[in-house]
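This is what each chain is made of:
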Amino acid sequence: MKHRIKWLGTLGSLAAVGALVLSGCSGPTTPSSSDESGDLTPITLQLQWFAQAQFAGYYAALDQGYYEDEGLDVTIDEGGADIVPQDVLAAGDADYAISWVPKVLGSIEQGANITDVAQIFERSATTQISFKDKNITTAADLKGKNVGSWGYGNEWELFAGMQKSDVELGDINLIQQAFDMTGFLAGDIDAAQAMTYNEYAQVLETVNPDTGELFQPDELNVIDWNDEGTAMLQDSIWANADKLESDADYADNTVKFIKASIKGWIYAANNPAEAAGIVTAAGSTLGESHQLWMTNEVSKLIFPSTAGVGMIDDAAWANTVDIALNTKNETGATIITAEPPATAYSNEYVTKALDELKAEGVDVMGTDWTPTEVTLNEGGN
């Protein structure tokens, strides 16, 4: 499904962004600068999953007119279980794509010449959750347990955390987890994979049959891979490396796209209810309270920023690459077998975007940003 939402409001100006707390389906075309008549440059963004608040910043930038402010006419293409966004980008069927770094590293080794041009999620959202009575508080406690994982490239932080704690894959019962929490809630999985912004909330939206009330956070233990030291870089904006090198207009539009996207994320962080509504209007079928929870939790992965939204931290990149090189899955394979090329990531374009935003008075750090309190309802409604 593709969405092109035309800007009908008046909040697309920089003045609107400056007022926020943080500041005090057509196919792809060869991007080119807007011509003198004011025509917008068509741009296609490929997401890695269906429309949901995980991508709230991009939908907000579209809805609020931030892309149009930069001369871009952006179409957002939803992802799905059978869509590999980096492959869509590498094949020339999108101008930019959103995907996790570890998933893309393997594609780059297979020949995809693409570049991480903005690391939007600074922190990992992947956790392993369990009920308190399982006494699982660290990766070392997974030994002898039924451990759930979605697979499909989502397992590497778990495997790295286990290996760091000297827990071999043969020491656990690895269960293929569905993309929900059914197996966990049924008791078939002792420690289940859960994103902070999605599956964790699914548990808290479920009635505990023993109490008749919704499950509460204090009934759960959470293994956070950020704390365990095996977090890997997740949602990033990826661009075509060949075109960055050879096409000056594409390189220029990359800066514009990043700049407008950052403004969209600032808007979403400070207006979570409105941002959740924008994503719902774009076609998401998630419930109202779940969508608001997701918007709020995703913002926590971005703000506060340590060096400016989208800047790629060299140490975090190196840690992700190290895990990709040295962590083995159940077949003994690793994500990659050699260091990725220098073109795998670049701070050149996000630095330019951040410099422009700062010159316009936008706070790109979000140091004073605080999350909102979200009350989840049964079923996420």
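As shown above, the structure is provided for reference.
Below is a summary of the structure that appears in this document. (Residues numbered from 1 in each chain as written. Predicted model: local features only at pLDDT ≥ 70, side-chain atom pairs only at ≥ 80, totals over all residues. Heavy atoms only, no water.)

Here's the deal with the packing of helix H5 (residues 101–109) against helix H14 (residues 314–326)
Each pair of packed helices can be summarised by the angle the axes make with each other and by the distance between the axes.
Here's step 1: As a packed pair, H5 and H14 sit with axes 10 Å apart at the nearest point and diverge in direction by 60 degrees. Considering their axes alone, H5 and H14 lie oblique with respect to each other. In this structure, the crossing between H5 and H14 has a hand that is right-handed. Only Trp-317, Thr-320, Val-321 and Ala-324 of H14 make contact with H5, whose side of the interface consists of Val-101, Pro-102 and Leu-105. (Axes fitted to C-alpha atoms, helices over the stretch in contact; angles between N-to-C directions. Helix = DSSP H or I, 4+ residues; strand = E, 2+ residues; numbered from the N terminus. Parallel < 35°, antiparallel > 145°, perpendicular 65-115°, else oblique. Left-handed = near helix turned anticlockwise from the far one by under 90°. Contact = heavy atoms within 4.5 Å.)

Examining the packing of helix H11 (residues 248–270) against helix H15 (residues 348–359)
Here's step 1: Put simply, H11 and H15 touch, their axes get as near as 8 Å, and they point 55 degrees apart. Judged by the angle between their axes, H11 and H15 are oblique. Every pair of crossing elements has a handedness; the one defined by H11 and H15 is right-handed. Between H11, through Ala-251, Thr-254, Val-255, Ile-258, Lys-259, Ile-262 and Lys-263, and H15, the contact on the second element is made entirely by Tyr-349, Val-350, Lys-352, Ala-353, Leu-354, Glu-356 and Leu-357.

Some words on the nonpolar core
Here's step 1: With 61 residues, the main nonpolar core has Tyr-58 and Ile-237 as its most contacted residues.
Here's step 2: Per-element accounting of this core gives the leading share, 12 residues, to H11.
Here's step 3: If sequence neighbours within four positions are ignored, Tyr-58 has contacts with Leu-45, Leu-47, Tyr-67, Ile-76, Ile-98, Ile-120, Ile-237, Ser-261 and Trp-265.
Here's step 4: In terms of nonpolar packing, the next biggest core, distinct from the first, is built from 32 residues, Val-104, Ala-139, Trp-225 and Ile-335 among them. (Core = buried A, V, L, I, M, F, W, Y, C linked by side-chain atoms within 4.5 Å. Buried < 20%, exposed > 50% of the residue type's maximum accessible area, 1.4 Å probe, protein only.)

Notes on the environment of Asp-227
Here's step 1: Here Asp-227 shows up in helix H9 (residues 225–228).
Here's step 2: With relative accessibility at 67%, the residue Asp-227 sits in the exposed group.
Here's step 3: Separated by 43 residues in the primary sequence, Asp-227 and Phe-184 have C-alpha atoms spaced 23 Å apart.

Topic: H11
Here's step 1: Taking 1.5 Å per residue as the helical rise, H11 with its 23 residues ought to reach 33 Å, and the 34 Å between its terminal C-alpha atoms agrees with that figure.
Here's step 2: Of all 23 residues that make up H11, 20 are buried, and the element is covered over most of its length.
Here's step 3: Capping the start of H11 is the job of one residue whose side-chain oxygen sits 3.0 Å from the backbone nitrogen of Asp-249: Asp-247. (Expected span 1.5 Å × (residues − 1). Polar contact = N/O pair within 3.5 Å; in protein donor to acceptor, adjacent residues only side chain to side chain.)

Quick notes on helix H12 (residues 272–281)
Here's step 1: Of all the residues in H12, the buried ones are Pro-272, Ala-275, Ala-276, Ile-278 and Val-279. Taken end-on, H12 shows its buried residues confined to a sector of 155 degrees, consistent with a single buried face.
Here's step 2: Packing partners of the buried residues in H12 comprise helix H2 (56–63), H11 and helix H13 (288–302).
Here's step 3: Following H12 by one or two positions, Gly-283 has its phi on the positive side, about 125 degrees. (Arc of directions from axis to C-beta.)

Remember that the coordinates give geometry; whether it matters functionally is a separate question.
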